[in-house]
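Listed below are the residues making up each chain.
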Amino acid sequence: MYHSIKIISLFAAVLSFAAYSLSAIQVEPALNKFFGQIEESIPGKFGINYRIRYEETNHDGGISHRIRYGYTTENYNGFTANLEGKSLDGIEDGFNSLDFAGEGTDLNQLWGAYEDEDLGSVKVGRQIYTLDDQRFIGHVGWRQNTQTFDAMTVTVTGFENLVLRAFYLDQVNRINGTQIDVDAFGINTAYALGKPLKLAGFYYELDDTETLARWDSETVGLRASGEFALEDLTVIYSLSVMGQDAVLGQDGGYFSAETSASFSGVKLGLGYDVLEQGFRTPLATVHKFQGFADVFVPQSITGTGNGVEDLYIYAGYNFPVGNGIAAKVIYHSFDPETGAGEFGDEINLVAVYEANKYINMIAKYADYKADGAGSGGFGGADKKVFTFELNFNY
């Protein structure tokens, strides 16, 4: 594995330098001109998102690439529409099994929308949809195949500092290519008291989930977040609390608190994330939580196991190389929420380089050590994951 990391890291460094050198001289101005000519000649906007990724889990690695291509119409008296396709394929065997299951060409988005600048908007059709920090409703954008919903979503903005969001979901289009019928709806209301404080309350209900009764639940929650300056520090914080009644299995709760401080290009943070036994988040972007190695994903989706307590700290710095390399290191300590024993710990590393406004590169590494853990059926084996990807977005 370490040999692979050295090769990929060297390739990343060379590509980063080349992309940076070309961005100011050739690539970005040329693309600006090319896309500018298209926008001037064709109403609406075309979109292209391409990603090629090398991914290695323990000693099994492979390469996949994905392209999303779409078109959004011009705004006609508040009405717009979007059509987007997706093609995913493997260049080399051995890439992530979820991506492998989602191979092929599919309809990714197809929606129509109406927006009133004073009142809000409504969107109907297959769409990408997220709420808050994506702990309950997310797009799973880290994986090659994005999660979408066949849904009607409404946003009301007609009241000062207040945003009300509501949704009805008829089908979930999963990252592994499966399509699951659901009967789900929810309301999310957020009130902003300026940057220092934003309060959100929400209610989500999942019902009649096709073949997956463990998803069915009612969830009520509150979230507070904000940002403020303290002398030379910029402090960011968030606090979330949820309670859940399950149709099948045990009821559960969720608690999360995180704070960070930034100064002189350095960012230090601390967080505590508690997923109680029985609590489930089947529509979340679970990769964002409890470590990049995704050891506890099954527990988060189904609510099985003994729950997870995740105490984590992190440090980030923007290295002044080229356009800047944003790097971050995270340490997680895992314990079961109920029962004896430990769940081990994990170290995560991530680096992001923005070559220009179209191209970026991301490298991520996760090293999970079980340390003899495994209570509740999760976290029983060591796991190492390394990914390097190149993205193009227009």
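The notes below deal with the structure included here. Here the structure is a predicted model, which is why all the values come from computation and not from measurement. (Residues numbered from 1 in each chain as written. Predicted model: local features only at pLDDT ≥ 70, side-chain atom pairs only at ≥ 80, totals over all residues. Heavy atoms only, no water.)

### Re the overall build of the protein chain
Here's step 1: Helices and strands together make up the secondary structure of the protein chain, namely 3 helices and 18 strands.
Here's step 2: Taken across its 394 residues, the protein chain has 43% of its residues classed as buried.
Here's step 3: The long-range fraction of contacts in the protein chain, counting pairs at least 24 apart against all pairs at least 6 apart in sequence, stands at 56%.
Here's step 4: Here the protein chain displays about 18,900 Å² of accessible surface, and carbon together with sulfur accounts for 60% of that area. (Helix = DSSP H or I, 4+ residues; strand = E, 2+ residues; numbered from the N terminus. Buried < 20%, exposed > 50% of the residue type's maximum accessible area, 1.4 Å probe, protein only. Contact = heavy atoms within 4.5 Å. Areas by Shrake-Rupley, 256 points an atom, 1.4 Å probe, with all protein chains shown as cover.)

### Concerning unusual backbone geometry
Here's step 1: Backbone geometry places Asn-77, a non-glycine residue, at a positive phi of 55°.
Here's step 2: Among the secondary structure elements, Asn-77 is positioned in the loop between strand E2 (60-72) and strand E3 (79-92).
Here's step 3: The exposure class assigned to Asn-77 is exposed, which follows from its relative accessible area of 73%.

### So, the pattern of salt bridges
Here's step 1: What the rule picks out here adds up to 9 salt bridges.
Here's step 2: The partner of Glu-55 in a salt bridge is Arg-143, and the shortest N-O contact between them spans 2.6 Å. Of the two residues, Glu-55 is situated in strand E1 (residues 45-57) and Arg-143 in the loop between strand E5 (120-127) and strand E6 (148-159); the sequence distance between them amounts to 88 residues. Grouping residues by exposure puts Glu-55 and Arg-143 together as buried. (Salt bridge = Lys/Arg side-chain N within 4 Å of Asp/Glu carboxyl O.)

### Brief notes about the nonpolar core
Here's step 1: Ranked by size, the top nonpolar core spans 25 residues in total, and within it Ile-137, Phe-149, Phe-167, Leu-169, Val-182, Trp-215 and Leu-283 carry the most contacts.
Here's step 2: Among the secondary structure elements, those contributing two or more residues to this core are E6, strand E7 (162-173), strand E8 (179-192) and strand E9 (198-207).
Here's step 3: Excluding anything up to four places from it in sequence, Val-182 contacts Tyr-168, Leu-169, Asp-170, Gln-171, Val-172, Asp-207, Asp-208, Thr-209 and Trp-215. (Core = buried A, V, L, I, M, F, W, Y, C linked by side-chain atoms within 4.5 Å.)

### Re the environment of Trp-111
Here's step 1: Residue placement: Trp-111 occurs in strand E4 (residues 104-116).
Here's step 2: Take Trp-111: its relative accessible area is 12%, and that puts it in the buried class.
Here's step 3: A sequence separation of 17 residues divides Trp-111 from Ile-128, and the C-alpha atoms of the two residues are 9.9 Å apart.
Here's step 4: Ignoring sequence-local partners within four residues, the contact set of Trp-111 consists of Thr-72, Thr-80, Ala-81, Asn-82, Lys-123, Val-124, Gly-125, Arg-126 and Gln-127.
Here's step 5: A polar side-chain atom of Trp-111 sits 3.3 Å from a polar atom in the side chain of Gln-109. (Polar contact = N/O pair within 3.5 Å; in protein donor to acceptor, adjacent residues only side chain to side chain.)

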